[in-house]
Amino acid sequence: MIGREGGRILVTGALGQIGTDLVQSLRDIYGSDMVIASDIREKPNHPCILNGPYINLDVLDKDRIFQIINDQNIKIIYHLAAILSARGEENPELCELINVEGTRNIFDAGREFGLRIFTPSSIAVFGPDTPKKAPQVTPLNPTTKYGMTKVECEILGMMYYQKYGVDIRGIRYPGLISWKSPVSGGTTDYAVDIFHAALSDESKYDCFLNGDTRLPMMYMDDAIRATISLMDAPIDSLSSARCGYNISGLSFTPKELVSEIKKRLPDFVCNYKPDIRQNYADSWPDSIDDQVSRNDWNWQSRFGLETIVDEMISNLK
Ligand code: NAD
Ligand code: AKB
C-alpha cells in the first residue's frame, strides 16, 4: 500500500542526478519492491538503483508507459526524464520532444489511470525580466529552450488538473548539489563538478561561469525532502502554484563557493573561463521567494553553504 491510493511508484529518468537519490529515499520509506526505477539507459550500475526493480523505459513510448502502469499496478509517478539546459540549447528539437511530449505522455497516463504525478519544473522558467528575487507569480519569459519547455509543462499540468482532474504537482528546483551521481548537461553543474576537481590529485578546476555569478542552489537532501513533502501534502492545501512551486535553499557565487572549499582544501585552485553557459546563468534570477510553498505545505530548507561543503567533501572522500 502506498499513501492514499494503494499501488506502486514508478520513477522515470531514474538514473540521473535526482533519480539516484530519490529512488533510494522512496525505497527507504515504502520498501524496495514498491518503487520501480526506469530510464532510457539499459543497464543501471548504481547501488541505489540495483537494490530494487528496474525497467528500461523511453518516455516517448506511450504504449509501453501504459502497459507498465497496468501490469505493475502503478499509482504514483515521479517523472524525472528530461534534457537539461546546456544540452537542451545544443539540441532544442530533442529538448522539446523529450521534455514536452514525454511529459504529455505521462499526463495522458495520469488521466487514463487516475495517477498522482510529480513533474519537476526549474528556476529556468524565469527570464531576464524577472526581479532578482523571483516571486511565485511573475511573467515567465525564459530565453533558453529548456526554460520554455518547463513553462509549457507547468501550463500543461494545470490544464490536465483543471480539465481532467489529474493530480499533478511540481517544484521549480534551483541548481541541485549532490554527491551520489555525476552530473552533466546543466548550467548549475559547476557546483558539483568543482568538488570532484578539488578532491582530485591536481586540485584544480576551470569554472565555466564567471566568479560573480550568483544563482539559487539547494542541497539534494533538502530537494528530496521537498519533493516527498509536496507529494504527501493534502490536495486541498495546494494552490494555483501546484505545478511549479518556488522553493529556496541558498544563493552563492562560484567565488564564495571556492572560498569555502579553500578553508578545507587550501591548495585548491579555481580559474574562471566562462563559456556559453554564462548566458543561460545570466538570464536566471539570483534568489527565490518561496513564501507560497511555506504557507501551502510548510516548506523550509535546512542546508546552508558551510554544511553543504562539509557534506560534499566528506562524502566524496
Ligand atoms: P539528469 O539529466 O541527471 O537525468 C535525466 C535522466 O533522464 C537521465 O538519466 C536520462 O538517461 C533520462 N532520459 C533522457 N531521455 C529519456 C527518455 N526519452 N526516456 C526516459 N529517460 C530519459 O537530470 P536530473 O538532474 O536528475 O533532473 C531531473 C528533473 O529535474 C528534470 O526534469 C530537470 O529538468 C529537473 N531539474 C533538475 C535540476 C538539477 O539541478 N538537477 C534543477 C532544476 C530542475
Ligand atoms: C540546469 O542547470 O539546467 C538545471 C536547472 C537549474 O534546471 N540544474
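Residues numbered from 1 in each chain as written. Chains lettered and ligands numbered in written order. Predicted model: local features only at pLDDT ≥ 70, side-chain atom pairs only at ≥ 80, totals over all residues. Heavy atoms only, no water.

S.K.: Please explain the overall build of the chain as it appears in this structure.
M.R.: Check the secondary structure of the chain and you find twelve helices and 16 strands. For 317 residues, the compact-globule formula gives about 20 Å, and the C-alpha radius of gyration of the chain, at 19 Å, lands near that figure. Sequence-distant contacts, at least 24 apart, represent 78% of the contacts inside the chain between residues at least 6 apart. Surface exposure of the chain reaches about 13,200 Å², of which carbon and sulfur atoms provide 47%. (Helix = DSSP H or I, 4+ residues; strand = E, 2+ residues; numbered from the N terminus. Rg over C-alpha atoms; globule rule 2.2 N^0.38 Å. Contact = heavy atoms within 4.5 Å. Areas by Shrake-Rupley, 256 points an atom, 1.4 Å probe, with all protein chains shown as cover.)

S.K.: What am I meant to see in the site of ligand 1 here?
M.R.: By nearness alone, 26 residues border ligand 1, and Gln-17, Asp-39, Arg-41, Tyr-146 and Lys-150 come closest of all. In this structure, an oxygen atom belonging to ligand 1 sits 2.8 Å away from a main-chain N or O atom of Gln-17. Here a nitrogen atom of ligand 1 and a backbone polar atom of Val-59 are 3.0 Å apart. Contact with the protein chains hides 92% of the accessible area of ligand 1, taken as 830 Å² for the molecule alone. Counting only elements with at least two residues in the shell around ligand 1, the list comes to α1 (17-30), β6 (121-122), α6 (145-164) and β10 (175-177). Partitioned by chemical class, the residues of the shell around ligand 1 number 15 nonpolar, seven polar and four charged. (Near = heavy atom within 4 Å. Polar contact = N/O pair within 3.5 Å; in protein donor to acceptor, adjacent residues only side chain to side chain. Nonpolar A, V, L, I, M, F, W, Y, C, P; charged D, E, K, R; others polar.)

S.K.: Please explain the pattern of salt bridges as it appears in this structure.
M.R.: Working definition: two side chains of opposite charge can pair if their charged atoms are close together. The final tally for this structure, using the stated rule, is 18 salt bridges. Taking the shortest distance from any N to any O, the salt bridge between Arg-104 and Glu-101 comes out at 3.3 Å. Of this pair, Arg-104 and Glu-101 both sit in helix α5 (residues 92-113), separated by three residues, roughly a single helical turn. Glu-154 is paired through a salt bridge with Arg-172; the nearest N and O atoms lie 2.9 Å apart. A residue pair is termed long-range when its members are at least 10 positions apart, and Glu-154 in helix α6 and Arg-172 in strand β9 (residues 171-173) qualify at 18 residues. A single burial state applies to Glu-154 and to Arg-172, both of which are buried. A single network of salt bridges, built from pairs that share partners, joins Glu-260, Lys-263, Arg-264 and Asp-310. (Salt bridge = Lys/Arg side-chain N within 4 Å of Asp/Glu carboxyl O. Buried < 20%, exposed > 50% of the residue type's maximum accessible area, 1.4 Å probe, protein only.)

S.K.: Which parts of the structure should I look at to understand the sheet that holds β6?
M.R.: The strands that make up a sheet pair up through hydrogen bonds in the backbone, lying either parallel or antiparallel. Strand order in the open sheet formed by three strands is β6-β9-β13, and the pairing between neighbours is parallel. Each edge of the sheet is formed by a strand with only one pairing partner; in this case those strands are β6 and β13 (245-246). Relative to β13, β9 runs parallel, the two sharing two bridges. Bridge pairing in β13 places Arg-172 opposite Asn-246. Lying over the sheet, helix α8 (residues 220-232) contacts β9 and β13, oriented at roughly 175° with respect to β9. (Pairing = 2+ DSSP bridges. Axes fitted to C-alpha atoms, helices over the stretch in contact; angles between N-to-C directions.)

S.K.: Would you mind going over the environment of Gly-157 with me for this structure?
M.R.: Considering the arrangement of structural elements, one finds Gly-157 in helix α6. Along the sequence, Gly-157 and Ile-235 sit 78 residues apart, while their C-alpha atoms lie 15 Å from each other.

S.K.: So what exactly am I meant to see when it comes to the side chain of Ser-293 here?
M.R.: Positionally, Ser-293 belongs in helix α11 (residues 291-297). Using a relative accessible area of 0% as the deciding quantity, one classes Ser-293 as buried. With residues near it in sequence (within four places) discarded, Ser-293 still touches Tyr-245, Asn-246, Ile-247, Asn-298 and Trp-299.

S.K.: Help me understand the site of ligand 2 in this model?
M.R.: Around ligand 2 sit Leu-84, Ser-85, Ser-122, Ile-123, Tyr-146, Gly-186, Thr-187, Thr-188 and Trp-284, and those are all the residues in its vicinity. Within the contact set of ligand 2, an oxygen atom lies 2.5 Å away from a side-chain nitrogen or oxygen of Ser-85. For ligand 2, the protein covers 92% of the area, taking 250 Å² as the surface of the free molecule. Looking at the shell around ligand 2 residue by residue, the class counts come to four nonpolar, five polar and no charged. Built from parts of two domains, the shell around ligand 2 gets at least three residues from each of domain 1 (8-174 + 219-246) and domain 2 (180-217 + 249-288 + 299-316). (Domains from an automatic or database assignment.)

S.K.: Looking at this structure, how should I read the packing of helix α9 (residues 254-264) against helix α12 (residues 305-316)?
M.R.: The description of two packed helices rests on the angle between their axes and on the distance between the axes. Their axes nearest at 10 Å, the elements α9 and α12 cross at an angle of 55°. Taken together, the axes of α9 and α12 are oblique relative to one another. Read as a crossing pair, α9 and α12 show a hand that is right-handed. Seen from α9, the contacting residues are Glu-256, Leu-257, Glu-260, Ile-261 and Arg-264; seen from α12, they are Leu-305, Glu-306, Val-309, Asp-310 and Ile-313. Classifying every residue of the contact of α9 with α12 by side-chain character gives five nonpolar, no polar and five charged. (Parallel < 35°, antiparallel > 145°, perpendicular 65-115°, else oblique. Left-handed = near helix turned anticlockwise from the far one by under 90°.)

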